[in-house]
Amino acid sequence: MDSIPDKNIHDAFQTIVQNYDQLTIKVNDQDAFNKLARVEGSLVSSYSKNSKSEQYFQTIVIYYADHLIGAISFFVAKNEMRKVKNYLYERIDIVVVPKRFRGNGISKALVLLAIHYCNISFGNRIYSISCLAAHEAISRVLDGLNFRCNRGNDENFSRHSIYFDPSESQEYAKLIEENLKSAIHRINYKLHKEIGSIKS
């Protein structure tokens, strides 16, 4: 599955945090992602390495100073049944924020980073983004980004999704980038005030 070079992603993320010297965004830091995911042991991934469809898996983590403050995994897959230009879908998989850093908008920034990554990498080839949200905080983030929500009576998670045609993808990408910049600013502001009281 073709995507743009990692350097382009690195440059785009560097631009997002260029005014915040304590914030670092890292792509494909699997060790850091696994470290947080193990702590939150109840989370279940919907990604399958054995899937027959073509898939692209990725992780993103955020650091504030030396603190690992959040991580997300996501993947993009090809819908073999679609014979049109936009034939890829993105699935937001696992979102983890350590308890001591919750309430600072980090989960929102992680979701936005995952969507922003795919907007840059795959552009208008994506027709759908979805997530099985196990936590209310993620549900609120997705609701705020115009995702539709469906919850079964016997399910302990909510299904969120958004669909668009190629003509809408560029406008949605701009909305995501604007929201991301605001979310990063909020994280920096709140942690700058609080980090002195947080011990490693």
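So, here is what we can say about the structure in this document.

### Here's the deal with the overall build of the protein chain
Within the protein chain, the regular secondary structure consists of five helices and seven strands. Its helices and strands in sequence order give the protein chain the pattern α-β-α-β-β-β-α-β-α-β-β-α, from N to C terminus. Structurally, the protein chain occupies a C-alpha span of about 55 × 40 × 30 Å along its principal axes. As displayed, the protein chain offers around 11,000 Å² of accessible surface, 45% of which is attributable to carbon and sulfur atoms. Measuring between centres, the 26 positive side-chain charges of the protein chain sit 3 Å from its 22 negative side-chain charges.

### What to know about helix H2 (residues 30-39)
Within the span of H2, buried status applies to Ala32, Phe33, Leu36 and Ala37. Buried residues in H2, looked at end-on, bunch into an arc of 130°, giving them a common side. Away from the buried face of H2 by more than 90 degrees, exposed residues Asp31, Lys35, Arg38 and Val39 are located. Looking at the buried positions of H2, the neighbouring elements they touch are strand E2 (55-64), strand E3 (67-78) and strand E4 (88-96).

### Some points on the packing of aromatic side chains
Summed over all chains, the structure comprises eight aromatic pairs. Put simply, the rings of Phe13, Tyr56, Phe74, Tyr117 and Phe122 pair up and form one aromatic cluster. Lying across the ring of Tyr127, Arg82 places its NZ or CZ 3.9 Å from the centre.

### Overview of the side chain of Asp29
Its location among the elements puts Asp29 in the loop between strand E1 (23-27) and H2. With near-sequence residues (within four places) excluded, Asp29 lies in contact with Thr59, Val61 and Tyr63.

### Description of the packing of helix H3 (residues 106-122) against helix H4 (residues 136-144)
At their nearest, the axes of H3 and H4 sit 9 Å apart, and the two run at 55° to each other. As judged from the angle between their axes, H3 and H4 are oblique. Here the hand of the crossing between H3 and H4 comes out right-handed. Along the contact surface, H3 presents Ser107, Lys108 and Val111, while H4 presents Ala137, Ile138, Val141 and Leu142. In terms of residue class, the contact of H3 with H4 is made up of five nonpolar, one polar and one charged.

### Looking at the side chain of Gln58
Counting through the fold element by element, Gln58 comes out in strand E2. Of the residues examined, Gln58 reaches a relative accessible area of 4% and is grouped as buried. Separated by 3.4 Å, the side chains of Gln58 and Tyr56 make a polar contact. Of the polar contacts made by the side chain of Gln58, one reaches the side chain of Tyr117; its length is 3.2 Å. Those residues in contact with Gln58 that lie beyond four places of it in its chain are Val27, Asn28, Ile72, Ser73, Phe74 and Tyr117.

### A short note on the sheet that holds E3
Taken in spatial order, the seven strands line up as E1-E2-E3-E4-E5-E7-E6 in an open sheet, and their pairing is mixed. Two strands in the sheet have a free side with no partner beyond their single neighbour: E1 and strand E6 (148-150). Taking each pair of neighbouring strands and ignoring which way they run, the sheet shows an average axis angle of 20°. Across five bridges, the pairing between E4 and strand E5 (residues 126-133) is parallel. Directly across from Leu88, in E5, lies its bridge partner Ile126. Each of E1, E2, E3, E4 and E5 touches H3; the most contacted strand, E3, lies at about 40° to it.

About the cut-offs
- Residues numbered from 1 in each chain as written.
- Predicted model: local features only at pLDDT ≥ 70, side-chain atom pairs only at ≥ 80, totals over all residues.
- Heavy atoms only, no water.
- Helix = DSSP H or I, 4+ residues; strand = E, 2+ residues; numbered from the N terminus.
- Areas by Shrake-Rupley, 256 points an atom, 1.4 Å probe, with all protein chains shown as cover.
- Lys, Arg positive; Asp, Glu negative; His and termini not counted.
- Charge placed at Lys NZ, Arg CZ, Asp CG, Glu CD.
- Buried < 20%, exposed > 50% of the residue type's maximum accessible area, 1.4 Å probe, protein only.
- Arc of directions from axis to C-beta.
- Contact = heavy atoms within 4.5 Å.
- Phe/Tyr/Trp six-rings, centres within 6.5 Å; stacked < 30°, edge-to-face > 60°.
- Lys NZ or Arg CZ within 6 Å of the ring centre and 35° of its normal.
- Axes fitted to C-alpha atoms, helices over the stretch in contact; angles between N-to-C directions.
- Parallel < 35°, antiparallel > 145°, perpendicular 65-115°, else oblique.
- Left-handed = near helix turned anticlockwise from the far one by under 90°.
- Nonpolar A, V, L, I, M, F, W, Y, C, P; charged D, E, K, R; others polar.
- Polar contact = N/O pair within 3.5 Å; in protein donor to acceptor, adjacent residues only side chain to side chain.
- Pairing = 2+ DSSP bridges.

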